[in-house]
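Coordinate inspection notes
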Amino acid sequence: MPELPEVETVRRGLAPALVGATIARVELRRRDLRFPFPERLAARLQGRRVLDLRRRAKYLIADLDDGQSLIMHLGMSGAFRVDDETPGAFHRKRDKNAAHDHVVFHLDHGRRVVYNDPRRFGYMLLIATQEIDADKLFRGLGVEPLGDALDAAFLATALRTRAAPIKALLLDQRLIAGLGNIYVCEALHRARISPLRAAKSLVLENGRPTAALARLPQAIKDVLEEALKAGGSSLRDHRQTDGSLGYFQHSFRVYDREGAACPTPGCKGTIARVVQSGRSTFHCSACQK
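Presented here is a report on the structure given in the accompanying data block. Worth saying up front: this structure is predicted, and the values here are computed from it rather than measured.

Details of the pattern of salt bridges
Within this structure, the stated rule accounts for 14 salt bridges. Two residues, aspartate 63 and arginine 54, come together in a salt bridge whose shortest N-O distance is 2.7 Å. Owing to a relative accessible area of 10%, aspartate 63 belongs among the buried residues under this scheme. Aspartate 101 is the partner of arginine 81 in a salt bridge, and the nearest nitrogen-oxygen pair spans 2.7 Å. Of this pair, arginine 81 sits in strand β5 (residues 79-82) while aspartate 101 sits in strand β6 (residues 101-107); the two residues are 20 residues apart in sequence, bridging distant segments of the chain. For arginine 81, a relative accessible area of 6% puts it in the buried group. Via salt bridges that share partners, Glu8, Arg11, Arg12, Arg55, Arg56 and Glu144 belong to a single interconnected network.

In structure tokens:
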């Protein structure tokens, strides 16, 4: 499933085409994706102007001029493309298999935004803009990992009584919204924290963060920002809006590098893989404590 940097990369690619544009027509080429489309979706979107395109966790939110917002989730294989965009010179061209083009937005300036989803695990919903924060999809979401709310003090308060492994809690969307397996592995390695470590052991008796926990918020932000600059990781199905691949996977320090030498300067450890809650965890036991 695309992680936060992939979704944010898609948002940044779509925004120049969508924000300020009026939706002239919408083609729904099937009745559903993961869920049925909202009733009369095409008719309700026709003639609406897009005021903003934002992201919350892994959701794309297009705010419309009638007080409604189009909520879009990419699922496992969903991707948008803007038809007249040219793929980047250093990226592999995306396979534009029209059989999987399920939604087409025709915009008033002549461009088309196409939603392609071979596995059809993505979905689209319409929600009143003012009701988004209270909606069941959003009301339980935690802080944004790139926002100012994520700092060492926040983590210390959230983790001080939690005995679960730190990795499991970082993946809890009720704590931090949008973090996924790849970037949690990478951030914990940069902060030199074992993914197996009990979360509460990272908080001192006085409630303040340990030095290791103090490193973690910036490690999370750094790994996400670097992934955004690279266009995301593009593992398996994910593509950018111009059909190109992200290249952050070439910068992975630990993820999917089992048996490789640890890249931490001076460390002689080896990257190991363990399974936590059914998911692969990659780490170095020599420098992550």
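Focus on the sheet that holds strand β4 (residues 68-73)
Strand order across the open sheet formed by 4 strands is β2-β3-β4-β8, with antiparallel pairing between neighbours. Two strands close off the open sheet at either side, each with one partner strand: β2 (50-56) and β8 (123-128). Pairwise comparison of adjacent strand axes, ignoring direction, gives a mean angle of 20 degrees for this sheet. The pairing of strand β3 (residues 59-64) with β4 spans 5 bridges and is antiparallel. Pairing of aspartate 63 across the sheet is with serine 69, part of β4. In the packing of helix α1 (residues 4-18) onto the sheet, the strands contacted are β2 and β3, and the crossing angle to β2 comes to about 175 degrees.

With respect to the pairing of strand β10 (residues 279-284)
Sheet topology note: the strand β9 (residues 271-276)/β10 ladder contains 6 bridges and is antiparallel. From the neighbouring strand, glutamine 276 faces β10, where its bridge partner is arginine 279. Taking the residues that link successive antiparallel strands as the turn, the β9-β10 hairpin has 2 residues, and the phi of serine 277 there is positive, at about 50 degrees.

Here's the deal with the packing of helix α3 (residues 152-159) against helix α6 (residues 211-230)
At a minimum axis distance of 8 Å, the contact between α3 and α6 shows a crossing angle of 120 degrees. What the angle tells us is that α3 and α6 run oblique. Of the two elements, α3 crosses α6, and the hand of that crossing is right-handed. Along the contact surface, α3 presents Ala152, Leu155, Ala156 and Leu159, while α6 presents Leu213, Ala214, Leu216 and Pro217. Taken together, the residues that form the contact of α3 with α6 break down as 8 nonpolar, no polar and no charged.

Quick notes on the sheet that holds β5
Strand order in the open sheet made by the 4 strands is β1-β6-β7-β5, with antiparallel pairing throughout. Every other strand in the sheet has two partners, leaving β1 (23-28) and β5 as the edge strands with one partner each. Sheet twist, expressed as the average angle between the axes of neighbouring strands with direction ignored, equals 15 degrees. Two strands pair when backbone bridges link them, and β1 and β6 are joined in this way by 5 bridges, in the antiparallel orientation. Across the sheet, isoleucine 23 pairs through a bridge with leucine 107, a residue of β6. Packing of α1 onto the sheet brings it into contact with β5, β6 and β7 (112-116), and relative to β5 it is tilted by some 40 degrees.

Describing the pairing of β3
In summary, the side chains of a regular strand alternate between the two faces of the sheet. Of all 6 residues in β3, 6 are buried; the element is thus mostly enclosed. Judged by which residues are buried, β3 turns out to be covered on both faces: Tyr59, Ile61 and Asp63 on one side and Leu60, Ala62 and Leu64 on the other are all buried. Pairing of β2 with β3 involves 6 bridges; the strand directions are antiparallel. Directly across from valine 50, in β3, lies its bridge partner leucine 64.

Here is what the cut-offs are and how they apply
Residues numbered from 1 in each chain as written. Predicted model: local features only at pLDDT ≥ 70, side-chain atom pairs only at ≥ 80, totals over all residues. Heavy atoms only, no water. Salt bridge = Lys/Arg side-chain N within 4 Å of Asp/Glu carboxyl O. Buried < 20%, exposed > 50% of the residue type's maximum accessible area, 1.4 Å probe, protein only. Helix = DSSP H or I, 4+ residues; strand = E, 2+ residues; numbered from the N terminus. Pairing = 2+ DSSP bridges. Axes fitted to C-alpha atoms, helices over the stretch in contact; angles between N-to-C directions. Contact = heavy atoms within 4.5 Å. Parallel < 35°, antiparallel > 145°, perpendicular 65-115°, else oblique. Left-handed = near helix turned anticlockwise from the far one by under 90°. Nonpolar A, V, L, I, M, F, W, Y, C, P; charged D, E, K, R; others polar.

Interpretation in functional terms is not warranted from these geometric data alone.
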